[in-house]
Amino acid sequence: MLRKALLLASPLLSLGACPFGGEQGVLPDGHPAVAQETYAAALGDLDLDLVRSDLKALFLNSQDHWPADLGNYAPFFVRLTWHCTGTYRSSDGRGGCEGGRQRFEPERSWADNTNLDKARALLWPVKARYGDAISWGDLMVLAGTTAIESMGGPVLGFCAGRLDDKDGSESIELGPSEEQEAVAPCVLNGTCVSPLGSTTVGLIYVNPEGPMGNPIPAESALQVRDSFGRMGMNDSETVALIGGGHAFGKVHGACPAGAGPSPKEDPLNPYPGLCGTGKGKDTFTSGFEGPWTTTPNQWSNLYFNDLLNNDWEVHVGPGGHHQWRIPNATGPMAGIMRLTTDISLLHDPAGIYQKIVKEFAADPAKFDNAFANAWYKLASRDMGPALRCLGQVAAPPFPWHPSLPARSSEFPPAWPQVKASLKEMARGYSTPIFPADVFSGQSYYGGLFLQLAWRCASTFRQTDYRGGCNGARIRFSPEKDWPANAEFVGVLKVLDDVKARFGDALSWSDLIILAGTVAVEEAGGLPMSFCGGRTDATDGSGSELLTPRLSPGPGTDLAFLVDGMKVMGVTRREFVALVGGGHTLGQMHASRSGFISGPWTSSPSRFNNEYFTNLLTEVYQEVSVQSGEKKYKALGKELFMFKTDLFLKADPEFRIHVEEFALDNQAFLESYRAAWTKLVRSDRFDDPTGKLCE
Ligand code: HEM
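Residues numbered from 1 in each chain as written. Predicted model: local features only at pLDDT ≥ 70, side-chain atom pairs only at ≥ 80, totals over all residues. Heavy atoms only, no water.

S.K.: Before we move on, can you summarise the pattern of salt bridges with the specific residues and values?
M.R.: Considering all chains together, one arrives at 39 salt bridges under this definition. Here Lys-250 and Glu-289 are joined by a salt bridge, their closest N and O atoms 2.9 Å apart. In this pair, Lys-250 sits in strand 2 (residues 250-251) while Glu-289 sits in the loop between strand 2 and strand 3 (290-291), placing the two residues 39 residues apart along the sequence. Residue classification places Lys-250 among the partly exposed positions, given a relative accessible area of 25%. Here the salt bridges do not stand alone but share partners, grouping Arg-89, Asp-92, Arg-94, Glu-173, Asp-563 and Lys-566 into one network. (Salt bridge = Lys/Arg side-chain N within 4 Å of Asp/Glu carboxyl O. Helix = DSSP H or I, 4+ residues; strand = E, 2+ residues; numbered from the N terminus. Buried < 20%, exposed > 50% of the residue type's maximum accessible area, 1.4 Å probe, protein only.)

Shown next as structure tokens:
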């Protein structure tokens, strides 16, 4: 079923050079987009079929230092891939196999990843053979996918293109860590809720033994649904994945002694295994023991048939944990087992899992199709838009892979005229449809244009490449209904005229970004670069995952601010420039932030560093507003700040940049231009390095 290699075959790439603007295609070495392009080229030259045949040979080549169960490592590699990809959570897009961070702390020492150090070590000869042509992240996904295929399982394809991280810092918020406790605390480990992806920090989803180790299947079913739901898996996908994954392999818990220290505790000899020889039949991984089926190296739907057609009783297995067996079974069936989470599929209080189990037991083709699709989603979802997938890509569309329409054949519009229209509208113009702000007696839309563009672009998540202004989903629910976006329906109406004048040649998303960019230039910012070519989505689907994290609401505190910044993928310096720049023009509006309207600066239609000097020199006092949210007003002046603004002053690592920009207007202007260009380009997967704009 695998398709032949398809290398970034986007229809957008054939449209020729960007006809407007000087947006630079030259990005510094080490920039992710450059690294991505270098990797794409290396991957394009790689014969993935050869890698897959090496992997298949590796699966059957049992090594004495870690003997394969029944002479085949394939199930072990399915688990490796599942634990690498299964960390993905839709709440903030973190997790997934990109970065190959299972190699690092904290993930490598998670209880659920016990002994996967051996799987990664077994992969080394393949990694060594292909070097930088295949990243660890891609190799780990390919290993499990090829393993499924090698055992006769259904596979749709392989979405490659993951860049490796140099450390595990992008997983710190998955926990356990102080950062995780600050933004995603878990009151009682085992009952963790969203935004965490699992019920237990350190497990991929749920406790296999049942909630808090209690073997109660009905309660376990609730946890399974909740935790798989947090990564966006529906009931059918959940059952397909669990039954498909557990068609293979076995659980390991030869005795109650345990696996021994984690890599964090003993990097030189992690998980030695404290039962007998510690390997082979003496392996201790999870502390459960036995296979799910009598044919654990072969794809089948036996998992479901055996689940349905037998009674199951709970007992304490040799590893000291509750697990389930068929009472009085004889022969090979006496050895098969189920975890409480497996049994839970028969005890779903909603009655839904049982129905799906029956369907998959009765209809193998239906099960094959459901598993192949769910596995591809599990493995590829953290990659974001389908456009980012390289390698042996399955044919889209997949609703979970956000995609955008191709550019209109009318593109490009006459950019100089678009730009001139926006410039004329920014200052000295107002329409009754949505009257402009007035500063020093002059109508001014510039601040609103910039705020609209910022709100549109700042939904971007570098964690899973969702959001951003490409698609202009800010025009649709749910984004348009977010309180922080309250006035933008009006601002979009103001821009309607321009849109109508240039028709299909001009997308809303280009128009929104250009309006913000022109506003900065027009108000005295440095000449800005711009590269058109964005296209418009037809609805707001996908944005439900992107609820604002940076809004100055009651729950906002420094940890959330830093977290939001990290998810957006900007540095502290870039973030300070962006927030300061955004709050330099225009004002806060009562309609979306309580009953106070007022500017941050005394010259709200001039783009300069006054925001930073105000922040450091004025004395701000708290004023409560109707919404209960706090705002801050300068003593004796009609100048305001949000709590988030004051954090930039209060936090020393933000403050150094505030001080730098307060002292050096040019440094601010340059930093703003660079940060803005970076942000509004983050979602240009059609042209990652800006080559089309040269
Ligand atoms: C093994 C739990 C879902 C694939 C295991 C083990 C546990 C476990 C405890 C034993 C590890 C060991 O002792 O070696 C769970 C739970 C799940 C879940 C609680 C969700 C409710 C999945 C999914 C897949 C999967 C979705 C893949 C699609 C596997 C495989 C093995 C395994 C292939 C066997 C590895 C080997 O033979 O070495 N699982 N699992 N599991 N799991 Fe899962």
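S.K.: Give a detailed account of the packing of aromatic side chains, specifying residues and quantitative values.
M.R.: Tallying each qualifying case throughout the model produces 37 aromatic pairs. Over the ring of Tyr-353 we find Arg-225, and its NZ or CZ is 4.4 Å from the ring centre. Above the face of the Tyr-465 ring, Arg-388 is positioned so that its terminal group lies 3.4 Å from the ring centre. (Phe/Tyr/Trp six-rings, centres within 6.5 Å; stacked < 30°, edge-to-face > 60°. Lys NZ or Arg CZ within 6 Å of the ring centre and 35° of its normal.)

S.K.: An account of helix 9 (residues 302-309) is requested, with residue identities and associated values reported.
M.R.: Regarding helix 9, the residues found buried are Tyr-303, Phe-304, Asp-306 and Leu-307. Its buried side turned inward, helix 9 meets helix 8 (235-245), helix 10 (340-343), helix 11 (352-362) and helix 12 (364-380). (Contact = heavy atoms within 4.5 Å.)

S.K.: Can you explain the site of the ligand? Please cite residues and give values.
M.R.: Close contacts around the ligand come from 24 residues, with His-246, Lys-250, Val-251, His-252 and Ser-286 the closest. Lys-250 has a polar backbone atom sitting 3.0 Å from an oxygen atom of the ligand. If you list the elements that add at least two residues to the shell around the ligand, you get helix 3 (74-85), helix 8 and strand 2. Looking at the shell around the ligand element by element, the count peaks at 5 residues for helix 3. (Near = heavy atom within 4 Å. Polar contact = N/O pair within 3.5 Å; in protein donor to acceptor, adjacent residues only side chain to side chain.)

S.K.: Go over empty space enclosed by the protein with me, naming the residues and quoting the values.
M.R.: This model, assessed by the stated rule, comprises 1 cavity of 30 Å³ or more. Lining the largest cavity are 14 residues, with Thr-87, Trp-110, Gly-197, Ser-198 and Leu-203 positioned closest to its centre. For the lining of the largest cavity, the residue count by class is 8 nonpolar, 5 polar and 1 charged. (1 Å grid on protein atoms, 1.4 Å probe; cavity = no way out; pocket = protein on both sides within 12 Å on 5 of 7 lines; lining within 4 Å. Points joined across faces, edges and corners; volume = space filled by probe spheres on them. Nonpolar A, V, L, I, M, F, W, Y, C, P; charged D, E, K, R; others polar.)

S.K.: Kindly report on the coordination of the iron atom of the ligand, identifying the contributing residues and their values.
M.R.: Counting protein donors to the iron atom of the ligand gives just one, His-246 (NE2), placed at 2.2 Å. Counting through the fold element by element, His-246 comes out in the loop between helix 8 and strand 2. (Donors = N, O, S within 2.8 Å, 3.2 Å for Na, K, Ca; no water.)

S.K.: How would you explain helix 22 (residues 665-681) if you had to name every residue and give the values?
M.R.: For an α-helix, 3.6 residues make a turn, and residues three or four places apart therefore share a direction. In this model, helix 22 (17 residues) spans 24 Å end to end at C-alpha, consistent with the 24 Å of a helix rising 1.5 Å per residue. Looking only at helix 22, the buried set comprises Ala-667, Phe-668, Leu-669, Ser-671, Tyr-672, Ala-675, Trp-676, Thr-677, Leu-679, Val-680 and Arg-681. Capping of helix 22 at its N-terminal end is provided by Asp-664; its side-chain oxygen lies 3.2 Å from the backbone amide nitrogen of Gln-666. (Expected span 1.5 Å × (residues − 1).)

S.K.: Can you tell me about the packing of helix 5 (residues 136-150) against helix 12, naming the residues and giving the values?
M.R.: Between helix 5 and helix 12, whose axes approach to 11 Å, the crossing angle comes to 170 degrees. Considering the angle they form, helix 5 stands roughly antiparallel to helix 12. Of helix 12, the residues touching helix 5 (which contributes Val-141, Gly-144, Thr-145 and Ile-148) are Phe-371, Trp-375 and Ala-379. In the contact of helix 5 with helix 12, the residues fall into 5 nonpolar, 2 polar and no charged. (Axes fitted to C-alpha atoms, helices over the stretch in contact; angles between N-to-C directions. Parallel < 35°, antiparallel > 145°, perpendicular 65-115°, else oblique.)

S.K.: Hey, could you go over the state of the cysteines for me, with residue numbers and the actual values?
M.R.: With the rule as written, the count across this model stands at 5 disulfides. Residue Cys-255 pairs covalently with Cys-275 via a disulfide, S to S 2.1 Å. With the S-S dihedral at roughly -95 degrees, the linkage between Cys-255 and Cys-275 falls on the left-handed side. Pair noted here: Cys-255 is in the loop between strand 2 and strand 3 and Cys-275 is in the loop between strand 2 and strand 3, with a separation of 20 residues, a long-range link. Put simply, Cys-456 and Cys-469 are joined by a disulfide, and their sulfur atoms are 2.0 Å apart. (Disulfide = S-S within 2.5 Å.)

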